[in-house]
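For reference, the chains in residue letters:
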Amino acid sequence: MKFQKLLVVVVTLFTVALYSQSDKAYRAERDKVHSLIHTKLKVDFNFQEQEMNGEEWVTLKPHFYETDKVTLDAKAMVIHKVTMNNQPLDFNYDDFELVINLPRKYNRKEEFTLYIKYTARPERVKQKGSAAITSAKGLYFINPKGLDKNKPTQIWTQGETEASSCWFPTIDAPNQKTSQEIYMTVPQKYVTLSNGKLEKQTTNANGTRTDYWNFTQKHAPYLFFMGVGEYEIIKDKYKDIPVDYYVEKEYAPYAKDIFGNTPEMLAFFSKITGIEYPWNKYAQIVGRDYVSGAMENTTAVIHGERAYQTPGQLIDENVQENTIAHEAFHHWFGDLVTTESWSNLTVNESFANYSEYLWLEHKYGKDEADAHLFEDSEAYKQGQNYDKHLVRFYYDDKEDMFDAVSYNKGGAILHMLRNYVGDDAFYTTLNTYLTDYKYGTAEAHQLRLAFEKVTGKDLNWFFNQWYFNSGHPKLSISYDYNKLRKTVTINIMQIQMNEFKFPFAIDVFEGGKRTRHNVFVDARDASFTFPFIKQPDLIQVNADGVLLCDISENKVLSDYIYQLKHAQNYAHKREALLEVVKHQDDKNAFNAVAGAMNDDFYKIRILALENINLINKYSKKNVIDKIMRMANSDPKTLVQAAAIETLGKLTDPALKSVFDKGLQSKSYSVLGKSLVAMYYIDKQLAIQKSKTLPLEVKKIVATPLTRIYLEENDDTELSFIAGNVMAGMFLSPNKKIQSLYKEAFDKIGKSNNTEAIQNLTDDIVAKGLQYKQYNFDKVGINLLRQLVEMQKANNPSNIDNNLRVIQIATAKLLE
């Protein structure tokens, strides 16, 4: 599963409890009393009641000990009957577990099949012992009655962590594996998607159709999937394996632009693991109101609406590409070999996270991959994550495991492990691990043993400090130069509580030449001495950027200027640039920032453009001319957009032609920045252009438009702004954007614009319900209360309609 940034934002804003490793119950692997063998389902859907009628034939056997009872997870269902060989069986059901009395004791060599007729009622699901995820209901009906004309009717499922048991009785644990068959009966106009192969479609006399999906291999119950809706199916392939993209008709022309790298990803991941893609198809579907980023259901991946993009967005970047790679790699790590328990989630999610680095490195080069690793590592550091173990046997709720430790830190740890053992050993170990445990389960210890088997190295030290402990090194670095002996000593002091040992790369720059020294730090205080011919220009520690750490060292401006020009790793260039920009009153510093606009890597060019000071006395015409050329013709449209934004700060009418060209760009990022830049030199033209944009384009460039409309006090656009406020306040990681939409929220809340208030409350309700399992409904209630107070304070004589709208929204969230 790929979790959304929203989770981080909501946790940051609304979570007050601090993590503690020691005060929670031990979370073990689920005991295997019985083993699932095969699951056969026949289902049809009651759209009006948001229920599913189901029949199940589940085949099991005792795992080891004899038993005459079976306990299945089954949440909020009506159990109509349970039989074996057409004979009724006694059972007890408490809305969470179905305990079935068998006719006799069965031993571990005896399989048996139970028949269960039931009705799934996902709207009544309350996950036992977990108030935080009361809406993890497994089966989701989207606009089931068709009342929302702007949203299609769909059904999709979400099984992870233990919500498949909301729509079929099962042993809902990751250490179970079962093959499956699903017969789905739906109205003729809908297409369906499930795991495995679509074997047969049968037209029924009542206007429905029954699709038979057959999955012969074994996988965990949380990976079962059903999808229903009006979709176009865009066909692709990897070798002879079907690769299909299920999208709404509007996005059919762009499906291959969004998902088209999937076959190459499958080929690349097959190559590096040495395991050919192990399943019979690969399909991806986009679900409305999906509750996470994406999910790796075996052969049937679901993505959230963020995947939908148009050419004007894709020309800038495909924001879903990392997620597409992430879910694809899960088909090896997570689907083929599955974590035995949620405590060991790292063997699923850390690998999927690291696959994003591997794919970017393969497809776009090391700079792109290193930038992604840096951004992920920073996201881990910025959360309340330092005290969490990667393998976590103590947590409040299993959903807590889906965080920046299991994902971001885990991916960074795999990058360190790859660097330590070497590429050949790393990929050979992946093959060994996947081969030894295929179609089964594993834990971090087994991963360690696989690495030890291949490399011949004892890796307990690595796993003990990175997998079974918390934190990361915090290093204080100092340098001692001996000019007489012509040596430099690098002193490394660990100032964090846990002591780490690690390989460490040190670059010494001397006379324009770089020398790499690879050392191993195995003490809290360590020193390494190297000779030089003349005084080094720079010493760069953690030179390859591999070690996950914090570093403090004393550098002066000249060091950072040299580092900006000569460092090879993205993080070091970025660090230097952000230091140098603080001193642009110094000519050398300004020239260094201007020079960074020529960097080969576009993210450094963007950072230089965002921070260059064009007001100071060193801002020569040739630098502005350079930025104008970048605005017109940089090969990356995101750089063009950054250049236009930078030029826009000058509010110079002489630049109008640059902005006018930007308004004609195919790139929506360029268009948006050009609108704002033009607004400050020709308001009428910018506003006129904004008013002629198609609504679908306006939604995509909503942030620059919001900025213009708020500054213009254009109340006629408040209803448009209102539909974007929640995403801007809570989904954007950019604090300036969050602040902009908070301003918009306040303006709408104080206004008497009933349409805008209606749109805002509709969005609050929609987001609150969509992300209810993350307590976003409570966030929505709080925002609605704020709206009430603002209305009372600002519209005391005419608020009846507005208060009624807010009260209706509040009632929906409180249902």
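Procedures and definitions
- Residues numbered from 1 in each chain as written.
- Predicted model: local features only at pLDDT ≥ 70, side-chain atom pairs only at ≥ 80, totals over all residues.
- Heavy atoms only, no water.
- Core = buried A, V, L, I, M, F, W, Y, C linked by side-chain atoms within 4.5 Å.
- Buried < 20%, exposed > 50% of the residue type's maximum accessible area, 1.4 Å probe, protein only.
- Helix = DSSP H or I, 4+ residues; strand = E, 2+ residues; numbered from the N terminus.
- Contact = heavy atoms within 4.5 Å.
- Pairing = 2+ DSSP bridges.
- Axes fitted to C-alpha atoms, helices over the stretch in contact; angles between N-to-C directions.
- Parallel < 35°, antiparallel > 145°, perpendicular 65-115°, else oblique.
- Left-handed = near helix turned anticlockwise from the far one by under 90°.
- Nonpolar A, V, L, I, M, F, W, Y, C, P; charged D, E, K, R; others polar.

**Student:** Summarise the nonpolar core; cite the residues concerned and give the values.
**Tutor:** In this structure, F45 and Y467 are the most contacted members of the largest nonpolar core, which totals 159 residues. By residue number, the principal contributor to this core is helix α8 (residues 405-421), which donates eight residues. Setting aside anything within four residues of it in sequence, one finds Y467 in contact with T346, H389, L390, V391, I413, L414, A444, L447 and F462.

**Student:** Which residues make up the sheet that holds strand β28 (residues 538-541), and what values do they have?
**Tutor:** Strand order in this open sheet of three strands is β26-β25-β28, and the pairing throughout is antiparallel. Looking along the sheet, the strands with just one partner apiece sit at the ends: β26 (513-521) and β28. Neighbour-to-neighbour, the strand axes of the sheet open up by a mean angle of 20°, direction not taken into account. Bridge count between strand β25 (residues 502-510) and β26: nine bridges; the pairing is antiparallel. By the bridge assignment, D507 is partnered in β26 with R516. Its contacts with the sheet place helix α12 (residues 557-566) against β25 and β28, and it is angled at close to 65° to β28.

**Student:** Outline the packing of helix α3 (residues 262-273) against helix α5 (residues 321-329), listing residues and values.
**Tutor:** Relative orientation of the contacting elements α3 and α5 amounts to 45°, with a least axis distance of 10 Å. The pairing of α3 with α5 is recorded here as oblique in orientation. Crossing geometry of α3 relative to α5 is assigned as right-handed. Across the interface between the two elements, T262, M265, L266, F269, I272 and T273 from α3 touch E321, I324, A325, A328 and F329 from α5. Split into classes, the residues belonging to the contact of α3 with α5 amount to eight nonpolar, two polar and one charged.

**Student:** Could you give an account of the pairing of strand β13 (residues 197-203), naming the residues involved and the relevant values?
**Tutor:** A regular strand places its side chains so that they alternate between the two faces of the sheet. Pairing of β13 with strand β14 (residues 208-219) involves six bridges; the strand directions are antiparallel. Its bridge partner lying in β14, T202 is registered against T210. Hairpin connection of β13 to β14: four residues between the antiparallel strands, including G207 at a positive phi of 85°.

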